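Per-entry structural report
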Amino acid sequence: MKDLFTIAPLTDVMRAALAPAFNVHHVRDMDDPVAWLARHGAGIEYALTDGHYGLCPEYLADLPDLKLVSSNGVGYDAIDTSAMVERGVLVTHTPNVLNAEVATTALMLLIACYRNFPAEVVQARSGAWAAQGNLPLARSVDDRTIAILGLGRIGMAIAEKLAPFNPNIIYSARSKKDVSFKYYDDLTAMARDADALIAITPGGAETHHLINAEVMRALGPEGVLINVGRGSVVDETALIAALEAGDLGAAGLDVFENEPHVPRALCEMPNVVVTPHIGSATVETRAAMGKLAVDNLLNHLKDGSVISPVPEVESLL
Ligand code: NDP
């Protein structure tokens, strides 16, 4: 049996699927993973991680024989893919199986912002409804111009899921797509034309702070910003300032710059909805992701093939 170095949490189903093929060594069972790897890392060819934990250089240094890193999640900005390609290490992720769920999360945040959902729940639960009556009217999510930054797998799923709300969809990405939606290569111009902007790009240097103060000002005092991509895509300091100044109307955020820490200022604003990076966090979708992450490992073990490599490692296939 081969050894598998595991950083990401494993479900019982994943453990059972891996058990016949791998000796699983989980960092959680190690007092000092770096010291453990120094003793046992040579010879280990397989690692399992996720988009949150990635694979840190301290671990990598003592995994000289690594062949495949399977990441349980679609975003892999926590893994240095250039270093992997240099070392000839394959990286796989779990695209597509989570598209619908993350799209639901984006819509949930969008609707929550427009309909003032968190405050309405408090109003009913706290007795304030009986004592003070209704809150001011919310705004409708119907018939809006909705900008999507990142019209990839999940971005398209968001566009499809929005359809019953009769949106005018506009978008920006690195490249123009074969779709009927209007394309913008200028993010500020897109924000100016949009009622709401949904960010669903990967993280990393290329997208760092793409949504800055200027873009937020262009969205405007009635504008709604939703981020389900990565925290690093939005300049969080500028976001807090824009919300405090009334330059931006509302924000729905599933991802943050310094997770799992959510700035207090954001938690305390009534026009901000925050969730703890739960884009794909349902039993059904996490099961599908876990299965794909495991199947990539089992396939490679069987015949050297992988199901869902990240684009950066194509040259190694
Ligand atoms: P895709 O690769 O299918 O799509 C990414 C999109 O982002 C593409 O349209 C791409 O443009 C665009 N993009 C990439 N870089 C830039 C850039 N510099 N400027 C403008 N647009 C850019 O990925 P997925 O849709 O599968 O996933 C997107 C991201 O969503 C993940 O990487 C992850 O970070 C995040 N995510 C968050 C989750 C959560 O729990 N909140 C759950 C799952 C994913 P082009 O098409 O032109 O290449």
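Residues numbered from 1 in each chain as written. Predicted model: local features only at pLDDT ≥ 70, side-chain atom pairs only at ≥ 80, totals over all residues. Heavy atoms only, no water.

1. Concerning the sheet that holds strand β4 (residues 68–72)
Worth spelling out the cut-off: Strand pairing follows a simple DSSP-based rule, namely that at least 2 bridges must link the two strands. The secondary structure listing takes helices from DSSP runs of H or I that are at least 4 residues long and strands from runs of E that are at least 2 residues long, numbered from the N terminus. Note on method: axes are straight lines fitted to C-alpha atoms, helices fitted across the in-contact stretch only, with angles between N-to-C directions ranging 0 to 180 degrees. Residues are treated as being in contact if the distance between any of their heavy atoms lies within 4.5 Å.
Pairing is parallel in the open sheet, where five strands are placed in the order β2-β1-β3-β4-β5. Every interior strand has two partners, whereas the edge strands, β2 (22–26) and β5 (90–92), have only one. When the angles between neighbouring strand axes are averaged without regard to direction, this sheet yields 20°. Inspection of the sheet shows strand β1 (residues 2–6) paired to strand β3 (residues 46–50) by three bridges, in the parallel sense. Bridging from a neighbouring strand, F5 pairs with A47 of β3. Sheet contacts for helix α13 (residues 283–303): β1, β2, β3, β4 and β5; angle to β4, the most-contacted strand, approximately 165°.

2. Description of helix α8 (residues 153–162)
Selection rule: Partly exposed describes any residue whose relative accessible area lies between the buried limit of under 20% and the exposed limit of over 50%, with all areas from a 1.4 Å probe on protein chains only and scaled to the type maximum.
Those residues of α8 that sit buried are I154, G155, A157, I158, A159 and L162. In this structure, the buried side of α8 is in contact with α5 (99–114), β6 (145–149), β7 (168–172) and β9 (196–199).

3. Considering the environment of R230
Note the threshold: For this analysis, a polar contact is any N or O atom pair within 3.5 Å, provided that within protein one partner can donate a hydrogen and the other can accept it, and provided that sequence-adjacent residues contribute only side-chain to side-chain pairs.
Secondary-structure assignment places R230 in the loop between β10 (224–227) and α11 (236–245). C-alpha of R230 to C-alpha of H208: the two residues are 22 residues apart in sequence and 9.1 Å apart in space. Sequence-distant contacts of R230, that is, excluding residues within four places in its chain, are made with G75, D77, T201, P202, G203, V255 and H277. Side chain to side chain, R230 and D77 meet in a polar contact 3.0 Å long.

4. Structural notes on the pattern of salt bridges
Formally: Counted as salt bridges are all cases of a side-chain nitrogen of Lys or Arg within 4 Å of a carboxyl oxygen of Asp or Glu.
Considering all chains together, one arrives at seven salt bridges under this definition. A salt bridge links D77 to R230; its shortest N-O distance comes to 3.0 Å. Taken together, the residues span a long stretch of sequence, with D77 in the loop between β4 and α4 (81–87) and R230 in the loop between β10 and α11 at a distance of 153 residues. Assessed through its relative accessible area of 38%, D77 is described here as partly exposed.

5. Some thoughts on unusual backbone geometry
With an omega of 5°, the peptide bond running from E259 to P260 counts as cis. With phi around 55°, H209 is a residue other than glycine that occupies positive phi space. Mapped onto the secondary structure, H209 falls in the loop between β9 and α10 (213–219). What makes H209 partly exposed here is its relative accessible area of 23%.

6. Some words on the pairing of β6
Heads up, the rule is: If the strands point away from the viewer and the path from the first strand over the helix to the second runs clockwise, then the crossover is right-handed.
Of all five residues in β6, five are buried, a share of seventy percent or more. Looking at chain direction, β6 and β7 are connected through five bridges and run parallel. Among the inter-strand pairings, T145 is bridged to a residue of β7, identified as N168. Note on the crossover from β6 through α8 to β7: the handedness is right-handed.

7. Thoughts on the side chain of T6
Positionally, T6 belongs in strand β1. T6 has contacts with V24, H25, H26, V27 and L48, leaving out every residue within four places of it along the chain.

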